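# Structural overview
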2 protein chains.
Amino acid sequence: MTLPQLGSLSLGDLQAAIEPRLGQVETEMRRMIEADFPLISDVNEHLLRMRGKMFRPTLVLLADEATGGPSAHGATLAAVIELIHLATLVHDDAVDHSVLRRGMPTINALFSHQVSVIMGDFLYSRAVVELVRFGDLRALAILARVTNEMTIGEMRQLLAHDPLAFTEDQYDLLIKAKTASLISGACEVGALGAPERERLVLARFGETLGMAFQIVDDLLDYTADESLTGKPSGLDLREHKVTLPLIYALPRFSPSERRALEALLRNPQPADAEIAAVVASVATHGGLEQARDRAQRLAMQAEEDLGLLPETAARETLRASLTYVLERRR
Amino acid sequence: MTLPQLGSLSLGDLQAAIEPRLGQVETEMRRMIEADFPLISDVNEHLLRMRGKMFRPTLVLLADEATGGPSAHGATLAAVIELIHLATLVHDDAVDHSVLRRGMPTINALFSHQVSVIMGDFLYSRAVVELVRFGDLRALAILARVTNEMTIGEMRQLLAHDPLAFTEDQYDLLIKAKTASLISGACEVGALGAPERERLVLARFGETLGMAFQIVDDLLDYTADESLTGKPSGLDLREHKVTLPLIYALPRFSPSERRALEALLRNPQPADAEIAAVVASVATHGGLEQARDRAQRLAMQAEEDLGLLPETAARETLRASLTYVLERRR
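Please read all numbers here as calculations on a predicted model, not as lab measurements. (Residues numbered from 1 in each chain as written. Chains lettered and ligands numbered in written order. Predicted model: local features only at pLDDT ≥ 70, side-chain atom pairs only at ≥ 80, totals over all residues.)

Now for the nonpolar core. Soluble, globular proteins show a tendency: their nonpolar side chains are buried together. Ranked by internal contacts, the top residues of the largest apolar core, which has 199 residues, are L83, L123 and A212 of chain A together with L83, L123 and A212 of chain B. With near-sequence residues (within four places) excluded, L123 of chain A lies in contact with I33, L83, L86, A87 and V90 of chain A. (Core = buried A, V, L, I, M, F, W, Y, C linked by C-beta atoms within 7 Å. Buried ≥ 20, exposed ≤ 12 C-beta atoms within 10 Å, placed from the backbone. Contact = placed C-beta atoms within 7 Å.)

Next up on the list: the interface of chain A and chain B. Contacts between the two partners involve 32 residues from chain A, matched on the other side by 32 residues from chain B. Counting residues per element, the ones that place at least two in the side of chain A that touches chain B are helix 3 (38–49), helix 5 (74–96), helix 7 (113–134) and helix 8 (137–158) of chain A. Tallying contributions element by element places helix 8 of chain A first for the side of chain A that touches chain B, with twelve residues. For the side of chain A that touches chain B, the residue count by class is 21 nonpolar, seven polar and four charged. (Helix = DSSP H or I, 4+ residues; strand = E, 2+ residues; numbered from the N terminus. Nonpolar A, V, L, I, M, F, W, Y, C, P; charged D, E, K, R; others polar.)

Residues and elements named next belong to chain A. Remark: helix 5 packs on helix 7, axes separated minimally by 8 Å, with the N-to-C direction vectors making an angle of 160 degrees. Compared by their axis directions, helix 5 and helix 7 come out roughly antiparallel. Handedness of the helix 5/helix 7 crossing: left-handed. Packed against helix 5, whose contacting residues are T76, V80, L83, I84, L86, A87, V90, H91, D93 and A94, the element helix 7 presents H113, S116, V117, M119, G120, L123, Y124, R126, A127, E130, L131 and F134 at the interface. Residues of the contact of helix 5 with helix 7, tallied by class, amount to 14 nonpolar, five polar and three charged. (Axes fitted to C-alpha atoms, helices over the stretch in contact; angles between N-to-C directions. Parallel < 35°, antiparallel > 145°, perpendicular 65-115°, else oblique. Left-handed = near helix turned anticlockwise from the far one by under 90°.)

Superposition record for chain A on chain B: RMSD 0.0 Å, screw rotation 180 degrees, translation along axis 0.0 Å. What we have between these two chains is a two-fold relation. Distance from the rotation axis, computed per C-alpha, reaches its smallest value in chain A at V117 of chain A: 3.5 Å. Most of the interface of chain A is mirrored in chain B: 100% of its interface residues are interface residues there too. (Least-squares fit on C-alpha atoms with pLDDT ≥ 70 in both.)

Residues and elements named next belong to chain A. The residue L220 is located in helix 10 (residues 196–223) in this model. Residue classification places L220 among the partly exposed positions, given that 17 C-beta atoms sit within 10 Å. L220 sits 109 residues away from R329 along the chain, and the two C-alpha atoms are 7.0 Å apart.

As structure tokens, then:
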């Protein structure tokens, strides 16, 4: 197995070949969320401005092109996937009472908590309306299952606050439901026109890629450079969220390190120094390396799946997306 | 036009003939929301205990039987409708930070605000999963449109706090989106097996019935006997919600009554006496009678639509449901 060694590979590199289609995706998104209601239009404008990296639509389009596309409906399905993603972000921020996302104020901060709950429902129901219009029950089945799985992931997240009880298996279930399910769904609906065998290969590729993506996200929370990510490191610990680096390092904590962690988890507003100490313990005991190894193994597994697809330029870009996921700094 | 003069007609009377099928609806609901996750099971148990009057499933089954049913899928569609209704109640309570619903603690009060946002998403996505399994794109189209309309209704509700600017037309748009859309959807999916003409008649019947239902709801807020409804009167005014009785009475308010209303709306926590004074002004100036007249006219309009359906026992029960809606005390 040879992952490309491109430390500086950016998402833009992956998106270069599909740039015009990503423009269509944005046009489709605008059409789908349009509402003859001023408050909703205001929220929509903000959502489109804080628009993310379009990673999931990119995967839809690449999966499409790796399985016989470009097909006429690729941009529509990619837009639906991003709408569902936006809906979950808006509700996540409402649930967490977050005030910032990607360095911009969240809907709940800028409008209100009420608006963000309703707006998430608005976006999700518009996504369903579009899928019905698209008229393929398989796409509806995939994405209904995925969105339901994501809510179960959110529930798991709520309960993931006891590190002494939270295992790697439980962490896997959490990230599969919370993150990998939608990324898998993106790859699967991208391959909707392909034979079932290829569609299932892409669904599995997406799930493994999605798990690696979330592990790297959780790693970045430990290692992040605030100037790049727009948020300080140790945010998960501040919110008492236990992720893979801590799960790995915990058995090697000294009694005093374990007491420091327990104190942090009892403290509703842990001090920066408390967080920095636990972050340091996790690093010292190899939690970061071990989590990075796990992400790398997942990426290798995902790469094997790509070998089952026909040779296309899009398949090679999907391969490069594994490198992007592993190497990204924000 | 002759509405039956049965002042004591109860929902139980309407439901007598379909009692066994309502049992099936509950079995279907249990199956649909089952989750292999303890927190969700706990919330589900609570939701089923606080289960409402099953008015919407009753309409699905009656519409089904009024158009050639009973059909095999009636109970399934009725359960989906009630699931969507539950999802909106859970999110409404989250949005309003309500602590009581039907005299029982809300999900946000009993569990947390976070759980109620996630749980609404869970219920709604399960409803979509079931509709996909049912496999009729028309049912999906109707209910995707309806749920999207309901979110727009919720947005309208947020903005409906300025009585001097809030007109009857805006109130109509609000109650159509918030309440009548799902009741119309219930009647329409009940008639899914019928010729399109009958299906559209039932959709329109449901919309008019739903508007009357919400107007009576808003009236009950002014006239409610706390021992029956489980909530004190004037709750909407306390939350600065402007409804039809006030819209009608306002032009006849004296300058001092208008000043009292404006003071109430500026006061984040109005006193009971302030609320009672405005409730009295609305009654004095005929706002309650005028709103009741409007509900009655809507019911007559809905009754005319029933005349377009074949003569069946279920059609007569739908006719009686109009009386129930007008005469209900809670």
